[in-house]
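Structural features, examined
Residues per chain are reported as follows:
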Amino acid sequence: MGEIEAQESWGFDTRAIHAGQEPDPTTGAVVPPISLSTTFAQDGVGNTKGFEYSRSGNPTRTAYETQIAALEGATHGLAFASGLAAEDNILRLFKAGDRVLLGNDAYGGTYRLISKVHTHLPWTAVDLLDVDALAASWPKDTKLVWLETPTNPLLRCFDIEAICALAHERGAVVVVDNTFATPYLQQPLSLGADLVVHSATKYLGGHSDVVGGFAAANDDDIAQRLRFTQNAAGAVPSPFDCYLALRGAKTLAVRMERHCSNARSIVDVLIGHKAVERVLYPQLPDHPGHRAAAKQMRDFGGMVSFTLRAGQAAALRVAAATELFTLGESLGAVESLIEHPGQMTHASAAGSPLEVPDNLLRLSVGIETAADLVADLAQALEQA
Ligand SMILES: *Cc1c(COP(=O)(O)O)cnc(C)c1O
């Protein structure tokens with residue numbers, strides 16, 4: 001099968017387009033085929049060509065797993081049916097009583113999965129910004145640090161290297177949710193993280209047409225245990241989903257560059273606008289975690305959040321008034337989206353330590369013409 005390992009010397013873009021994607025040896029097809037076969041012929045019992053049954057392994061999935069692992073600088077990549085399925089499989093590596101240290105701003109579904117499904121895992125939600133304070137208040141039984149940076153939806157950034165050093169000193173494993181940054185902007189494994197997790201539904205896929213999850217690691221033992229649960233619990237993506245995510249990820253670098261530059265144009269409109277109370281974007285010097293972001297990220301990403309002076313009602317009016325920014329959940333695709341986290345993506349965090357401000361709006365800035373996005377947001381803000 002056509003999976004080739006990325007060569008050490010390859011740059012990011014070359015890995016995205018070639019890792020795992022050698023032309024098919026029998027037909028010369030340049031694009032990895034969508035292998036729909038659920039079973040693979042054996043040449044004598046147990047004598048396979050590397051695949052036996054598609055839940056355990058599938059050629060299209062292998063191509064995609066090789067590609068994304070190469071982008072994260074990982075020796076192991078595992079694809080799952082959704083970001084939450086990837087997270088669920090990672091949480092299954094831990095046993096009853098192992099404490100999870102969770103940032104107090106995180107994807108609502110992650111919080112729900114830990115607090116409502118993995119109820120045998122105690123958790124503490126903390127501010128990860130001040131590493132010295134974190135060291136001083138470190139809960140003793142912590143076995144896992146769940147680190148999302150930039151966070152969803154407040155875009156706070158945390159020092160991956162410093163937190164990994166502290167966690168390792170205290171005997172905990174660090175998982176970084178790299179959904180917002182993507183490996184193009186930030187590579188957590190190189191900063192000491194044990195695992196990287198993704199909602200591939202977002203920037204990796206990049207076109208709002210596939211739900212997927214991904215986990216990457218360098219540690220052989222962690223990867224082997226995850227590979228076991230991937231097969232044993234069976235939350236795997238279909239070959240078609242793998243094909244779509246692989247196809248999307250080929251253009252990750254060029255998309256991310258445009259997402260970042262368009263986000264800057266949007267930030268320029270929001271800053272100083274009379275209806276806007278606060279702009280949240282990691283590039284701003286007073287943004288929580290700006291220094292960590294500047295140190296560990298290539299650029300500052302395509303997500304922008306902001307609060308409105310006139311409160312929730314104004315936020316809801318603006319969200320309803322945009323035309324190019326589609327009102328909807330999700331993020332990270334070519335088209336621009338706007339949403340109200342309090343009533344949409346983060347409704348499950350209401351009343352918890354992860355509750356978000358009700359006058360907050362979150363933008364996923366797409367790759368349309370910047371001037372058109374700016375004009376659309378400007379007209380919508382007149383409703384604030
Ligand atoms: C969407 C998202 C998830 C969950 O991924 P799904 O693919 O929706 O299951 C996890 N983390 C972050 C940061 C997300 O934005």
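Look up a bit, the structure's there.
Here the structure is a predicted model, which is why all the values come from computation and not from measurement. (Residues numbered from 1 in each chain as written. Predicted model: local features only at pLDDT ≥ 70, side-chain atom pairs only at ≥ 80, totals over all residues. Heavy atoms only, no water.)

**Let's talk about the sheet that holds strand S10 (residues 326–327)**
With respect to topology, five strands assemble into an open sheet ordered S8-S9-S12-S11-S10, the strand pairing being mixed. The sheet terminates laterally at strand S8 (276–280) and S10, the two strands that pair on one side only. Bridge count between strand S11 (residues 337–339) and strand S12 (residues 360–364): three bridges; the pairing is antiparallel. Among the inter-strand pairings, Leu337 is bridged to a residue of S12, identified as Ser364. Along the sheet, helix H10 (residues 252–270) contacts S8, strand S9 (303–308) and S12; its crossing angle with S9, the most-contacted strand, is approximately 15°. (Pairing = 2+ DSSP bridges. Helix = DSSP H or I, 4+ residues; strand = E, 2+ residues; numbered from the N terminus. Contact = heavy atoms within 4.5 Å. Axes fitted to C-alpha atoms, helices over the stretch in contact; angles between N-to-C directions.)

**Quick look at the nonpolar core**
Across soluble globular proteins, nonpolar side chains show a tendency to be buried alongside one another. Formed by 80 residues in total, the largest nonpolar core has its most connected members in Tyr64, Leu270, Val304, Leu308 and Leu363. The dominant element in this core, judged by the number of residues it contributes, is H10, at eight residues. Residue-level mapping places this core at the junction of two domains, with at least three residues from each of domain 1 (3–249) and domain 2 (252–381). Val304 has contacts with Leu155, Ala263, Val267, Leu270, Val279, Leu280, Tyr281, Leu361, Arg362, Leu363 and Val365, leaving out every residue within four places of it along the chain. By size, the runner-up hydrophobic cluster in this structure holds 26 residues, among which are Leu91, Ile114, Leu121 and Ala215. (Core = buried A, V, L, I, M, F, W, Y, C linked by side-chain atoms within 4.5 Å. Buried < 20%, exposed > 50% of the residue type's maximum accessible area, 1.4 Å probe, protein only. Domains from an automatic or database assignment.)

**Things to note about the site of the ligand**
Taken together, 15 residues are adjacent to the ligand, and Leu84, Asp177, Ser199, Thr201 and Lys202 come closest. A distance of 2.7 Å is found between a nitrogen atom of the ligand and a side-chain nitrogen or oxygen belonging to Asp177. A distance of 2.8 Å separates an oxygen atom of the ligand from a polar atom in the side chain of Ser199. Calculation on the ligand without its partners gives an accessible area of 380 Å², and the protein chains cover 92% of this total. Per-element accounting of the shell around the ligand gives the leading share, three residues, to helix H3 (residues 83–91). For the shell around the ligand, the residue count by class is four nonpolar, seven polar and four charged. (Near = heavy atom within 4 Å. Polar contact = N/O pair within 3.5 Å; in protein donor to acceptor, adjacent residues only side chain to side chain. Areas by Shrake-Rupley, 256 points an atom, 1.4 Å probe, with all protein chains shown as cover. Nonpolar A, V, L, I, M, F, W, Y, C, P; charged D, E, K, R; others polar.)

**Side note on the side chain of Thr307**
Within the secondary structure layout, Thr307 lies in strand S9. By relative accessible area, which is 7% here, Thr307 ends up buried.

**Details of H10**
Each full turn of the α-helix corresponds to 3.6 residues, which orients residues three or four apart in the same direction. Along its 19 residues, H10 runs 26 Å from first to last C-alpha, staying within 8% of the 27 Å computed at 1.5 Å per residue. Along H10, the residues that are buried comprise Leu252, Ala253, Arg255, Met256, His259, Cys260, Asn262, Ala263, Ile266, Val267, Val269 and Leu270. In the segment just after H10, Gly272 is the residue with positive phi, at about 80°. (Expected span 1.5 Å × (residues − 1).)

**Examining the sheet that holds strand S4 (residues 142–148)**
Strands sit in the order S1-S7-S6-S5-S4-S2-S3 across an open sheet of seven strands; the sheet is mixed. The sheet is open, and its two borders are formed by strand S1 (76–80) and strand S3 (123–126), each paired with just one other strand. Averaged over all pairs of adjacent strands, the angle between their axes in this sheet comes to 20°, without regard to strand direction. In terms of strand pairing, S1 meets strand S7 (residues 213–217) through five bridges, oriented antiparallel. Each bridged residue has a counterpart across the sheet, and for Ala79 the counterpart in S7 is Phe214. Sheet contacts for helix H4 (residues 108–117): strand S2 (99–103), S3 and S4; angle to S2, the most-contacted strand, approximately 160°. In the packing of helix H8 (residues 220–233) onto the sheet, contacts are made with S1, strand S6 (195–199) and S7, and the angle to S1 comes to roughly 25°.

**Remarks on a nonpolar patch on the surface**
Taken together, the side chains of Ile34, Leu36 and Phe240 present a nonpolar region at the surface, about 300 Å² in accessible area. Position of Leu36 among the secondary structure elements: in the loop between helix H1 (12–18) and helix H2 (59–72). (Patch = residues over 30% accessible without salt bridge, like charges linked within 9 Å, V, L, I, M, F, W, Y side chains within 5 Å. Salt bridge = Lys/Arg side-chain N within 4 Å of Asp/Glu carboxyl O.)

**Concerning the packing of aromatic side chains**
Per the stated rule, a full pass over the model turns up five aromatic pairs. Ring centres of Phe40 and Phe51 lie 5.6 Å apart, and the angle between their planes is 40°; this geometry places the pair in the tilted category. Of the two residues, Phe40 is situated in the loop between H1 and H2 and Phe51 in the loop between H1 and H2; the sequence distance between them amounts to 11 residues. No difference in accessibility class separates Phe40 from Phe51, as the two residues are buried. Note on Tyr64 and Phe214: the rings are 5.5 Å apart at their centroids and 70° apart in plane angle, and the pair reads as edge-to-face. A residue pair is termed long-range when its members are at least 10 positions apart, and Tyr64 in helix H2 and Phe214 in strand S7 qualify at 150 residues. Looking at Phe214, the relative accessible area reads 0%, which means it is buried. Positioned above the aromatic ring of Tyr107 is the side chain of Lys202, whose terminal nitrogen or guanidinium carbon lies 5.2 Å from the ring centre. In this arrangement the basic side chain of Arg298 is found over the ring face of Tyr184, its NZ or CZ atom lying 3.8 Å from the centre. (Phe/Tyr/Trp six-rings, centres within 6.5 Å; stacked < 30°, edge-to-face > 60°. Lys NZ or Arg CZ within 6 Å of the ring centre and 35° of its normal.)

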